[in-house]
Amino acid sequence: MKNKKRYLSLFIVIVVVSSILLYKHQTDAETVNVKIGQSNQFTKDEIKAAVSTVKEKFKGYKGCILTDLWYSEKNSLAVSKEEMNYGESYERVVGEKNVIVLLSNFKVDSSGGDGSWKPNSTQTRYTWILIRNNENGKWRVIQTEDTYTDADHIKVRIGQSKKLTKNDIKTAFDTVKKDFKKDKNNEGCTITELHYSENQAIEADTVQAYMEDQNAIVVFSTIKTAPTVVGGWDANQTMDNFSWTLVRDSKNGKWRVKGAGYAFEINLFFLTNAML
């Protein structure tokens, strides 16, 4: 009789714990606030399919809870345009009807997720870029970007990277900002945006000797110039896609700027120096 009571108690405990875990899992899924704005480009079913793809992908974000996920035609087209300006070729490959951008907010627990997020933080406007092969194809996440404004009021966009950590990229950004600020030729110029895209960086890596492993990075920026500037800059201009190539001696070494300019100019610089 005692054994039966013991087994019954154990069974009740198992059921309760399982119910709590199941409830938590369902609650996490159900508390995602999904908003789908009006669209002339996609049907609601197409957008819902993209939302489902992102939710499935997000399951791999350990220690993170997705809270908001939304589609805005205006934001989607703006991000797509920026990607095109920064050298991405998604639309050229599959066509603009097969590229969609979703935005999200999510919470990070005390572990910092996978270690790349700030513990106990909330990430906002995290960007998901999805493509499909054709209008009947399935969406797949092709790129994600962490988008925010840093302490210096510079818009930061960090795309996912296979060779560099988020901290590697952030420290490269800091090096670019310091180098830019101390150069007197840049008086009257302001960096308004810093951007890292692995695909675009690979396209700019003409000379492999400077781009091996984790000891080189190409950072892209937007620079605005004042009515009166020095150092050969054009006045009242917005310079998009201005590139910075940085190198370091080892994985734990400090970044240093090796060259700056547009990708084509940097490639010629490295190619010329490599041949000397």
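Because the structure is predicted, anything quoted here is derived from the model rather than measured.

**Q** Which parts of the structure should I look at to understand empty space enclosed by the protein?
**A** Which parts of space are left empty comes out when a probe the size of a water molecule is rolled across the atoms. Per the counting criterion, the structure on display carries two cavities of 30 Å³ or more. Space inside the largest cavity adds up to approximately 40 Å³. If you go around the largest cavity, the residues you meet are Trp70, Tyr71, Ser72, Asn75, Ser76, Val79, Val101, Leu102 and Leu103. If you list the elements that add at least two residues to the lining of the largest cavity, you get strand 2 (64-71), helix 3 (73-85) and strand 3 (99-108). For the lining of the largest cavity, a count of residues per class yields six nonpolar, three polar and no charged.

**Q** Whenever I open this one, the confidence of the model for the protein chain confuses me. Can you help?
**A** It should be kept in mind that the predicted coordinates are not to be read in detail where pLDDT is low. The pLDDT averaged across the protein chain works out to 79; a share of 72% of its residues lies at or above 70. Least confident of the elements in the protein chain is helix 7 (residues 263-275), whose mean pLDDT is 42; most confident is helix 2 (residues 44-58), at 95. Between residues 19-29, whose pLDDT stays under 50, and residues either more than four places distant or in other chains, the model counts three contacts. pLDDT under 50 marks residues 264-276. Its contacts with residues more than four places away, or in other chains, come to 17 contacts.

**Q** So what exactly am I meant to see when it comes to the side chain of Ser104 here?
**A** Its place among the elements puts Ser104 in strand 3. Taking the relative accessible area as the measure of exposure, Ser104 reaches 0% and is therefore buried. Side-chain polar atoms of Ser104 contact the side chain of Trp128, separated by 2.8 Å. When neighbours within four sequence positions are excluded, Ser104 is seen to be in contact with Leu66, Asp68, Leu69, Trp70, Gln123, Thr124, Arg125, Tyr126 and Trp128.

**Q** Sorry, what's going on with the packing of aromatic side chains here?
**A** Each aromatic ring pair is described using two quantities: the centre-to-centre distance and the angle formed by the ring planes. Within the structure shown, the criterion is met by 14 aromatic pairs. Centre to centre, the rings of Tyr126 and Trp128 are 5.4 Å apart; their planes meet at 75°, and the pair counts as edge-to-face. Of the two residues, Tyr126 and Trp128, both sit in the buried class. The structure contains a cluster of three or more aromatic residues connected by ring pairs, namely Phe58, Tyr61, Phe106, Trp117, Tyr126 and Trp128.

**Q** Which parts of the structure should I look at to understand the layout of surface pockets?
**A** Of the volumes computed, that of the largest pocket is approximately 490 Å³. Lining the largest pocket are 23 residues; nearest its centre among them are Tyr61, Asp114, Tyr126, Thr144 and Gln160. Breaking the lining of the largest pocket down by element, the ones donating at least two residues are strand 5 (140-149), strand 6 (155-159) and helix 5 (166-182). Of all the elements, strand 5 adds the most residues to the lining of the largest pocket, at six residues. Split into classes, the residues belonging to the lining of the largest pocket amount to nine nonpolar, eight polar and six charged.

**Q** How should the sheet that holds strand 10 (residues 256-261) be read in this particular structure?
**A** Across a sheet, strands are paired by hydrogen bonds formed along the backbone, either parallel or antiparallel in direction. Reading across the sheet, the 10 strands line up as 1-2-3-4-5-6-7-8-9-10 and stay open at both edges, with mixed pairing between neighbours. Bordering the open sheet on either side are strand 1 (33-36) and strand 10, each of which pairs with just one other strand. Across the sheet, the axes of successive neighbouring strands diverge by a mean angle of 30°, strand direction being ignored. Taken together, the eight bridges between strand 8 (residues 216-225) and strand 9 (residues 238-247) define a ladder with antiparallel strand orientation.

Rules used throughout
- Residues numbered from 1 in each chain as written.
- Predicted model: local features only at pLDDT ≥ 70, side-chain atom pairs only at ≥ 80, totals over all residues.
- Heavy atoms only, no water.
- 1 Å grid on protein atoms, 1.4 Å probe; cavity = no way out; pocket = protein on both sides within 12 Å on 5 of 7 lines; lining within 4 Å.
- Points joined across faces, edges and corners; volume = space filled by probe spheres on them.
- Helix = DSSP H or I, 4+ residues; strand = E, 2+ residues; numbered from the N terminus.
- Nonpolar A, V, L, I, M, F, W, Y, C, P; charged D, E, K, R; others polar.
- pLDDT = per-residue confidence, 0-100.
- Contact = heavy atoms within 4.5 Å.
- Buried < 20%, exposed > 50% of the residue type's maximum accessible area, 1.4 Å probe, protein only.
- Polar contact = N/O pair within 3.5 Å; in protein donor to acceptor, adjacent residues only side chain to side chain.
- Phe/Tyr/Trp six-rings, centres within 6.5 Å; stacked < 30°, edge-to-face > 60°.
- Pairing = 2+ DSSP bridges.
- Axes fitted to C-alpha atoms, helices over the stretch in contact; angles between N-to-C directions.

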